[in-house]
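The lines below spell out each chain.
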Amino acid sequence: MDTSTNGGPLEGLVIADFSRVLAGPYGSMLLADLGATVIKVEPPHGDDTRTWGPPWTEDGTSTYYLSVNRNKHSIALNLADPEDHSRALRLIERADVLMENFRTGSLDRLGLGYDVVSQANPRLVYCSITGFGSAGGAGIPGYDLVVQAVSGLMSLTGPDEDTVTKTGIATADVLTGLHAVIAILSALHARGSTGRGQHVEVNLLSSMLSGLVNFGGAYVMTGDLSHGMGIKHPSIAPYEPFDTADRPLVVAAGNDRLFDLLCTCLDLGQLPSDDRFSSNGRRVENRDELAAILGPIFLGQPADVWFERLSRAGVPCGPINDVGQGIDLAASLGLDPVVDCGGVAQVASPIRLSGSKVSYRKAPPGIGADAEEILRWLDG
């Protein structure tokens, strides 16, 4: 296994990925796309997401698993078995980064905690991903659904104050995976100066609270508790969907200039001078009256017609697409959203670098598919 031929800015970096499910594997996949060699360490039964379906591919593989595990090598190890435990230690000693999302204390009990392995590999960056941190929340199992509930996110995503819902994707997991990547790269940069790695920690709850951005900020600064408003925005208007001749269209006129452009496109040039709508604050106060004026006009044309017309004028808007339509839109814009990775269709990395490359080298591996190659590399 040659770790120096992957291409990309992270070529030569070796990551021992003991994480599973979503947050950790998503983060390690992003690093692998950038050229890192990621060795996925799974229990003998495999990552839980291998059993999460439907949907399945034609050969019965979970699309959930496939979506976050490309460009990796897999070895299956039973960490309670002495021989496999020794193999895990040898891998950690050769790695630059270890990623794990075990319950706090689990790897310490197995002799694979940071305090132990950092003695053997002082340059190791050891990234722990937990649900609720390593202090008071150490014993609480962390799943995205739970974190969306307890963080307050669900109270913001429902259609009204009394109806809550989760987001369609695992938002807490994805945000935490991104934060893990940032933390790892920061620790690697620091290692360039100090020569030593460090223990970095991210958790789902803190990542989700950070991701609440203006809603979290409003509460800590003023005590304001916002609630679900569907697709509307508590601080901007119009910033919401409107029915058209065929399907809904969202309009995001986030400032006075954009509102003026919108009104010009709708032949409502006099509207910005109306005292009810003369500023964003006034439009928020009178959002229902504004919607009553705009709504009937949007019914006159299909969503795609409005999308083309308003976008050309510089007004942010877009039809409410399904996933397929979203991918088709990205393709039509030259964003190349779908790539082939070892014969498996994948959603492309969103990262573009002018002087380096993102690569798609290897299909998501089967359980332990690369064990022989990895063990030869360790022995070598």
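Whatever comes next refers back to the structure up there.
This structure is a prediction, so every number in the text was calculated from the model and none was measured.

**Focus: the overall build of the protein chain**
When you go through the protein chain residue by residue, the secondary structure sums to 16 helices and eleven strands. Put simply, the protein chain has 380 residues, and 43% of those count as buried. Intrachain contacts of the protein chain at a sequence separation of at least 6 include 68% that bridge at least 24 residues. Distance between charge centroids for the protein chain: 5 Å, based on 28 positive and 45 negative side chains.

**Side note on the nonpolar core**
Nonpolar side chains in soluble globular proteins generally cluster together in the buried interior. Grouped together as the largest cluster of nonpolar side chains are 37 residues, with contacts concentrated most on Ile 15, Leu 31, Met 99 and Ile 129. Among the secondary structure elements, those contributing two or more residues to this core are α1 (23-33), β4 (97-100), β5 (125-130), α7 (153-157), α8 (171-194), β6 (199-203) and α9 (204-211). Beyond its immediate sequence surroundings of up to four residues, Met 99 is in contact with Ile 15, Ala 16, Asp 17, Phe 18, Ser 19, Gly 24, Gly 27, Ser 28, Leu 31, Cys 127, Ile 129 and Ile 184. Formed by 24 residues, the second largest nonpolar core is a distinct cluster that contains Val 14, Leu 98, Leu 124 and Leu 378.

**Some details on the sheet that holds strand β7 (residues 239-242)**
Strand order across the open sheet formed by three strands is β7-β8-β9, with antiparallel pairing between neighbours. Looking at the sheet topology across the chains shown, the edges are occupied by β7 and β9 (317-319). Between one strand and the next, the sheet's axes are offset by a mean angle of 20°, whatever the strand orientation. Examined bridge by bridge, β7 and strand β8 (residues 249-252) share four bridges and lie antiparallel to one another.

The rules behind these values
- Residues numbered from 1 in each chain as written.
- Predicted model: local features only at pLDDT ≥ 70, side-chain atom pairs only at ≥ 80, totals over all residues.
- Heavy atoms only, no water.
- Helix = DSSP H or I, 4+ residues; strand = E, 2+ residues; numbered from the N terminus.
- Buried < 20%, exposed > 50% of the residue type's maximum accessible area, 1.4 Å probe, protein only.
- Contact = heavy atoms within 4.5 Å.
- Lys, Arg positive; Asp, Glu negative; His and termini not counted.
- Charge placed at Lys NZ, Arg CZ, Asp CG, Glu CD.
- Core = buried A, V, L, I, M, F, W, Y, C linked by side-chain atoms within 4.5 Å.
- Pairing = 2+ DSSP bridges.
- Axes fitted to C-alpha atoms, helices over the stretch in contact; angles between N-to-C directions.

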